[in-house]
Amino acid sequence: MPIAVNLDVMMARRHKGAGELAEEIGITPANLSILKNNKAKAVRFSTLEALCKALDCQPGNLLEYMEEEK
């Protein structure tokens, strides 16, 4: 997938565990895991906003475009 979610990197930088972050932003640990492991097909802006607030970062810190190899 050309869009990579670097959630695990930001979580490590901010010393936040998955359970703590999931509770803080109001989603299930299972849904956070789907995001963290690049299995999500979409993310709501409200979830992205909550992640940015909880991790004190910008959306560009969490999302990265990676060109697909041909």
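Above this note sits the structure.
None of the values given here were measured: they were computed from a predicted structure.

Student: Sorry, what's going on with the nonpolar core here?
Tutor: Nonpolar side chains in soluble globular proteins generally cluster together in the buried interior. L7, L21, L32, L51, L55, C57 and L62 are the most contacted members of the largest nonpolar core, which totals 17 residues. Listed by contribution, the elements that provide at least two residues to this core are α1 (7-14), α2 (18-25), α3 (29-36) and α4 (45-55). It is α4 that contributes the most residues to this core, 5 residues altogether. Non-local contacts of C57, meaning those with residues more than four positions away in its chain, are made with M10, R14, L51, C52 and L62.

Student: Before we go on, may I ask you to explain the environment of R14 in this structure?
Tutor: Note on placement: R14 falls in helix α1. Residues R14 and A30, 16 residues apart in the sequence, show an inter-C-alpha distance of 20 Å. Those residues within four positions of R14 in sequence are excluded, and the remaining contacts are L55, D56 and C57.

Student: What should I look at first to understand unusual backbone geometry in this one?
Tutor: Trans peptide bonds make up most of the peptide bonds, and negative phi angles are found at most residues other than glycine. If you check the backbone angles, H15 has positive phi at about 55° while not being a glycine. Looking at the secondary structure, you find H15 in the loop between α1 and α2. Classification of H15 as exposed rests on a relative accessible area of 70%. Positive phi, close to 50°, is recorded for D56, a residue that is not glycine. Counting through the fold element by element, D56 comes out in the loop between α4 and α5 (59-62). For D56, a relative accessible area of 60% gives the class exposed.

Thresholds applied
Residues numbered from 1 in each chain as written. Predicted model: local features only at pLDDT ≥ 70, side-chain atom pairs only at ≥ 80, totals over all residues. Heavy atoms only, no water. Core = buried A, V, L, I, M, F, W, Y, C linked by side-chain atoms within 4.5 Å. Buried < 20%, exposed > 50% of the residue type's maximum accessible area, 1.4 Å probe, protein only. Helix = DSSP H or I, 4+ residues; strand = E, 2+ residues; numbered from the N terminus. Contact = heavy atoms within 4.5 Å.

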